[in-house]
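Summary of structural features
This is what each chain is made of:
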Amino acid sequence: RFVAFSYPRDLWYVRSVLGLDNGVRRIRGNPFRSFVHSTTSMETFVQARGFDLVSRSSSVAWTADVYTRAELRQ
């Protein structure tokens, strides 16, 4: 019925910091990697599955979205 997720913003400075962080992880042997995805691509993916955006909050580096199914709002 609801989907909520937070993600790093698709901005040059966020990509730079995450790139440096991934480099440090690689050097230390940590296999975890962070990714920055296009906000438009993620929104399209969720909306194609019947969800609509009802709330979006952003900080300098992060965004949090809440989606709900359209039929639940009627």
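See above for the structure.
So, here is what we can say about the structure in this document. (Residues numbered from 1 in each chain as written. Predicted model: local features only at pLDDT ≥ 70, side-chain atom pairs only at ≥ 80, totals over all residues. Heavy atoms only, no water.)

When helices and strands are tallied, the protein chain shows two helices and three strands. For the protein chain, the succession of helices and strands along the chain, N to C, is β-α-α-β-β. A buried classification covers 20% of the 74 residues belonging to the protein chain. Partitioning the intrachain contacts of the protein chain with sequence separation of at least 6 by distance along the chain shows that 51% fall at a separation of at least 24. Total accessible area on the protein chain stands at roughly 5400 Å², and carbon and sulfur atoms take up 58% of it. In the protein chain, 11 positive and 6 negative side-chain charges are present, and the distance between their average locations comes to 8 Å. (Helix = DSSP H or I, 4+ residues; strand = E, 2+ residues; numbered from the N terminus. Buried < 20%, exposed > 50% of the residue type's maximum accessible area, 1.4 Å probe, protein only. Contact = heavy atoms within 4.5 Å. Areas by Shrake-Rupley, 256 points an atom, 1.4 Å probe, with all protein chains shown as cover. Lys, Arg positive; Asp, Glu negative; His and termini not counted. Charge placed at Lys NZ, Arg CZ, Asp CG, Glu CD.)

We now examine the environment of D10. Considering the arrangement of structural elements, one finds D10 in the loop between β1 (2–8) and α1 (12–28). According to the relative accessible area criterion, D10 is partly exposed, its value standing at 34%. Put simply, D10 and S38 are 28 residues apart on the chain and 6.0 Å apart in space, counted from C-alpha to C-alpha. With residues near it in sequence (within four places) discarded, D10 still touches R15, V36, H37 and S38.

Here α1 spans 24 Å end to end across 17 residues, near enough to the 24 Å set by a 1.5 Å rise per residue. Within α1 the residues assigned to the buried category are V14, L18, N22 and G23. Lining the buried residues of α1 we find β1. Directly after α1, the chain includes G29, whose backbone phi takes a positive value near 85 degrees. (Expected span 1.5 Å × (residues − 1).)

On to the sheet that holds β1, then. A sheet is described by the order of its strands in space; here three strands give the open sequence β1-β3-β2, paired in antiparallel fashion. The sheet is open, and its two borders are formed by β1 and β2 (51–58), each paired with just one other strand. The sheet shows a mean angle of 20 degrees between the axes of neighbouring strands, direction not considered. Pairing geometry for β1 and strand β3 (residues 62–69), over seven bridges, is antiparallel. Counterpart to A4 in the pairing with β3 is V66. Running over the sheet, helix α2 (residues 39–47) touches β1, β2 and β3 and is turned about 145 degrees from β2. (Pairing = 2+ DSSP bridges. Axes fitted to C-alpha atoms, helices over the stretch in contact; angles between N-to-C directions.)

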